[in-house]
Amino acid sequence: MKAKNIIEPGRESQTVVSASRIILTLAIAGLISGVAIVGIYEATFDTIAENRARELRDAVFTVLPGIDSMREMVYREGQLVEGKAAIEEPSVYAGYDSSGEFKGYAIPARGPGFQDTIVLLYGYRMDTGRIVGMQVLESRETPGLGDKIFKDPEFVAEFNSLEVQPGIVLVKGGSRAGNEVDAITGATISSRAVVRIINQANEKWLSKLTLQHPIRSNGKGEK
Amino acid sequence: MQKHDPQLLLQHSPILRHDKTTPGVMLDVLLALSPVTIASIWLFGLSAIVVLAACISGAALTEYFFTPTSKRRRILLDGSGLTTGLLLGLTLPPALPAWMAFLGGVVAIGLGKIIWGGLGSNLFNPALVGRAFLLATFPNAMTTWVEPAGSFWNLPSSTLSLPFTLDELDAVSGATPLGLMKFEQQGTPFLELFLGNTAGSLGETSGLLLILGAAYLLLRGDMDWRIPVGILLTAMLFSGALSLVDPTVYPTPLFSVFSGGLLLGALFMATDPVTSPSTPTGAWLFAIGIGVLVILIRVFGGLPEGVMYAILLMNAASPLIERFTQPRVFGYDREDSS
Amino acid sequence: MVKASQQEYEELIKGIWRDNPVFAQVLGMCPMLAVTNSAINAIAMGGATFFVLVGSSFLVAAFKSWIPKQVRISCFIIIIATFVTVADYTLLALIPGVHKELGAFIPLIVANCLILGRQEAFASKSTIRLALLDAIGMAAGFMLALLMLGAVREILGDGALFGIKLFGTQFEPWVIMILPPGGFLTLGLLLLLFNWLAVKRRKFLDEVIKAERGQS
């Protein structure tokens, strides 16, 4: 045993293996693998769905301060209705405070940044016509420069009360007017991308948004 | 007839003996750079001295430690490390922390030269390797420019930041002419660019002194005139064509040539004999490539300045250019019909 | 419990130093360069690879005599891919944040030549016990290398280790280190270091042999 611990499996000898044996082996291997994959998918499905929902909820609650519950709204046949969006179907989230009063919409938007697509979510209040919060969900902007669009608290705070009419404008050296955002030094392109993405989303959405009726706390919203 | 080996890239004879030595050429380059160096100290004060000294000492120390003891004397005395350090220093912003400049010198010699096998074997211009590393590593500090201070005792606190830290960058930061052009469509008067009283890296501000230095090198025969002439002509023609299309968006040819690091790069870096093609046709191709790339990056790219990347990219292409532009060997047919 | 023989010990330990998959064999470079921008990512990637390598080595060694040689590679890949999918979903459920950063590189463990290489070169020719020891050693060596790279890059690139800030707020991060070029740079410098150590060691051993000869 000590001389040769490595076992030679019959493969070096010239044994002929029948085709059915090969097919059977692969079929059994595939079958077992399939069962294992379905098993792990089922076992983790709930947790994964829960994680995704919580992530989205956290983001919506951040960009719409003061809300307590939310509902997904889809734009279908010319109007905004409550419902789950199908893939590629445009949707926004309506937020309500603890007494069920409608507060505003959280609008997802995406567009090209300096490196890759930037995906963000921003909150919009219809009563004041202002953006009340912005959060970048996905981006691959340059660390140290472009990533300031979500790491620089001053830049993020520019979106806490921002007029959307007549369009958001990027400026340098301090924002003054209600619709101005101060660009990040050294990350002009990324800042400009964020403003452009929001302006484009506004163009697409603002005319379609309608005031929502308040909901009474009957647990209708996703809590 | 014996087939000549296409793998072996050798310059054909006649090869002449020449009195020129590496230390001699390097001394010429240092002399040619001295007006710009003095001007940078004049404009930016003590901080220029600190940054340049840090670069040079980083380069020299790396050269010393990674050279076999037996060759140390010869290699250190040939002055190529000193030249690399000085050239790197001249491309850096004046308020850069000294430790970053030192690190740049270490990288320039370590990754730009030693690792390839020393002087003559490197593919890329060492000073630009150092600068590319610094720009990718410290994008903030490397893109913060200050206006010339006008006082010799000027020493921004960021220059003396402790290693691994960065003091608050100087509040009176100025935008470079190229930055103004790119992001605010705002030009800078030509005379200012020519004399050098603008924000920018240490050695790139004064066009006049750079041209003076280069003229000295040309007179001494240390420089292939085709490369700077080719780069500057291409850049002028290309940006001239663009500004004819829309003069409000695209800069004028004179602005293109005298702003940013184009003169410094074209006159002193692209002409590095190690990293540029040695054949005349090759030199033209190399120069045209740089000129086009510079304007492409400046006008259509995300960055305001593209001289460094343009030269590094063409450095990478120069062995290929050299291969395609080998002169016909005397006595052989045009077609390789052996 | 059988006492570990010299050979078994050797199989376990070789992957960590002498035949280290990264520093000696230069295998598995894709995850090595792509996901080592922080120590946490490196540990997660190392853990997933560990799980896949040990699991598939065990199965391959156990079923080696049943698998016809004509389809052995396909069978190895099926086994590896199953383990990778399990690891993928488990990470997604347990640590979604890290999973998001690792992205496509978890499914790409399938294509890590280290894993298929160990099946073909070792597990399919040895006993279960030895295959397991080999897999554990190799995976640990791989994880160690990932962690070294991840730690260096996170400390320099972010001034932190495992997300804990090590320096004051004045620290200026080396941005390049968390970008892809930093991976190449760090890996190159570490390979340089390891080769230098190997050369030193060989020189030292040569001198010892010489000295011994001189004495006798």
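Residues numbered from 1 in each chain as written. Chains lettered and ligands numbered in written order. Predicted model: local features only at pLDDT ≥ 70, side-chain atom pairs only at ≥ 80, totals over all residues. Heavy atoms only, no water.

The secondary structure content of chain B amounts to 15 helices and 0 strands. Put simply, chain B has 338 residues, and 50% of those count as buried. Within chain B, counting contacts between residues at least 6 apart in sequence, those at least 24 apart form 77% of the total. Accessible surface, chain B: about 15,900 Å² in total, of which carbon and sulfur atoms supply 68%. (Helix = DSSP H or I, 4+ residues; strand = E, 2+ residues; numbered from the N terminus. Buried < 20%, exposed > 50% of the residue type's maximum accessible area, 1.4 Å probe, protein only. Contact = heavy atoms within 4.5 Å. Areas by Shrake-Rupley, 256 points an atom, 1.4 Å probe, with all protein chains shown as cover.)

Residue and element names in this part refer to chain B. The first and last C-alpha atoms of helix H11 (residues 226-245) sit 28 Å apart over 20 residues, in line with the 28 Å expected at 1.5 Å per residue. Within H11 the residues assigned to the buried category are Ile227, Pro228, Gly230, Ile231, Leu232, Thr234, Ala235, Ser239, Gly240, Leu242 and Ser243. In this fold, the buried residues of H11 make contact with helix H12 (253-258), helix H13 (262-269) and helix H14 (280-300). (Expected span 1.5 Å × (residues − 1).)

Another point: helix H1 (residues 22-44) of chain B. Residue and element names in this part refer to chain B. In a regular helix each residue adds 1.5 Å, so 23 residues correspond to 33 Å; H1 covers 31 Å between its end C-alpha atoms and thus fits that length. Maximal helix bending in H1 amounts to about 40°, located at Ser34; proline Pro35 follows within four positions. By the burial criterion, the buried members of H1 are Met26, Asp28, Val29, Ala32, Leu33, Val36, Thr37, Ala39, Ser40, Leu43 and Phe44. The inward-facing, buried residues of H1 abut helix H2 (46-65), helix H4 (80-90), helix H10 (207-220) and H13. Of the residues trailing H1, Gly45 is marked for its positive phi of about 75°. (Bend = angle between axes of the 7 residues up to and from the residue.)

Scanning the entire structure with this criterion turns up 10 salt bridges over all chains. When the shortest N-O distance is used, the salt bridge between Lys113 of chain B and Glu63 of chain B registers 3.1 Å. Within this pair, whereas Lys113 of chain B is found in the loop between helix H5 (98-110) and helix H6 (126-137), its partner Glu63 of chain B is found in helix H2, the two being separated by 50 residues in sequence. Note on accessibility: Lys113 of chain B and Glu63 of chain B belong to one class, buried. Measuring nitrogen to oxygen at the nearest pair gives 2.6 Å for the salt bridge that ties Arg129 of chain C to Glu8 of chain C. Linking Arg129 of chain C in helix H7 (residues 128-158) with Glu8 of chain C in helix H1 (residues 6-14), this pair joins segments that are 121 residues apart in sequence. (Salt bridge = Lys/Arg side-chain N within 4 Å of Asp/Glu carboxyl O.)

Here we come to the environment of Cys55 of chain B. Residues and elements named next belong to chain B. The residue Cys55 is located in helix H2 in this model. Taking the relative accessible area as the measure of exposure, Cys55 reaches 0% and is therefore buried. Distance from Cys55 to Ala98, taken between C-alpha atoms, is 8.0 Å for residues 43 residues apart in sequence. Beyond its immediate stretch of four places on either side in the chain, Cys55 contacts Gly85, Leu88, Gly89, Leu92, Ala101, Phe102 and Gly105.

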